[in-house]
Amino acid sequence: MQKEKVYMPRFIPAVSVLGLLGLCLAGSNWLAGEPARAAGPQAQTQTPQGPPHLPLFFREDWKLAGGLPNINTPQEPEHTVVQGDVANPNLEVRLYGDKVGPVAVKQVNNNDLTYVMTLLCTANCAIALRDKNNDVDLTGLATIHWRTKISGFHELHPILKLADGTWLVGDHATAYSTDWVESEIQLVDVRWQALNIESVVEGRGDKWVEKPDLSRVEEIGFTDLMRGGGHGAPGSRVDWIEVYGKPVPRVASGTKTSSR
């Protein structure tokens, strides 16, 4: 009688192949997981804001000083910007052009959001900040980072006062947004024109200031280069501003005194 053929030898290789495939898949999953685990701690230690190798020179979040007449509603009290509206104790605020129009605002019904705005400026106006002890080196990858809400055709331009007294206004600007947005300007990409700080308009001649020395800057601020439109009309609002650059101890201006 002819014996029945047994097919077990073919079955065993098939099982071996399936097992080998399973091991390969498991190994590939393990290898794929390793880079993710290795990258995890590094990703957690990275800082998303600010340029590399440059310190935060200052950050200004505004507050609303008490004891001043409110020129708006109880839900949104506001007044002309004063030193008491500056939250950073190391900074001084300076107003130029229309010195009454720039106002500090607090939205009581919006988590006490406090900001400064140019909507009430009846002529060109500017707001600048000055560290009490240091100038700042804004060469290299120095950056201005801010949170703004701008309406209409207004654009918010950076302005600088150099240590020698020269004022500059930059061509890069932040423009319209429906709501609050964060943006930044790397100053190495900016072209500058002279600024008449008294009237806050560009200097005569429409000429670019070629390669200005930004290694020692005394004041940093912003302007629309145009008047505001009033409540509910076009203008600029600034929630906070950060400046990244290297602090430089300020050199006291030499003054000669005569003895009598």
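Anything mentioned here points back to the structure above.
Let me begin by describing the structure that accompanies this report. (Residues numbered from 1 in each chain as written. Predicted model: local features only at pLDDT ≥ 70, side-chain atom pairs only at ≥ 80, totals over all residues. Heavy atoms only, no water.)

**A few points about the side chain of His145**
What counts, and what does not: Numbering of helices and strands starts at the N terminus; helices are DSSP runs of H or I of at least 4 residues and strands are runs of E of at least 2. Under the rule applied, a polar contact is a pair of N or O atoms within 3.5 Å (in protein, one hydrogen donor and one hydrogen acceptor; residues adjacent in sequence only if both atoms are side-chain atoms).
Residue placement: His145 occurs in strand β8 (residues 143-151). Engagement of the side chain of His145 in a polar contact is seen with the side chain of Glu182, the distance being 3.3 Å.

**Things to note about unusual backbone geometry**
Cut-off, in case you're wondering: Whether a residue is buried, partly exposed or exposed follows from its accessible area with a 1.4 Å probe, protein chains only, as a fraction of its type maximum: under 20%, in between, or over 50%, in that order.
Phi is positive for Asn111, which is not a glycine, with a value near 55°. Here Asn111 is to be found in the loop between β4 (103-107) and β5 (113-117). Judged by its relative accessible area of 76%, Asn111 falls in the exposed class. For Asp112, which is not glycine, the phi torsion reads 60° and is therefore positive. When you line up the elements, Asp112 lands in the loop between β4 and β5. A residue is classified by how much of its surface remains accessible, and Asp112, at 39% relative accessible area, is partly exposed.

**Thoughts on the side chain of Thr114**
Test applied: In what follows, a contact means two residues having at least one pair of non-hydrogen atoms within 4.5 Å.
When you line up the elements, Thr114 lands in strand β5. Residue Thr114 is classed as buried on the basis of its relative accessible area of 9%. A distance of 3.0 Å separates a polar side-chain atom of Thr114 from the backbone oxygen of Asp112. If we ignore the near neighbours within four places in the chain, the residues touching Thr114 are Trp62, Lys63, Leu64, Val105, Lys106 and Asp239.

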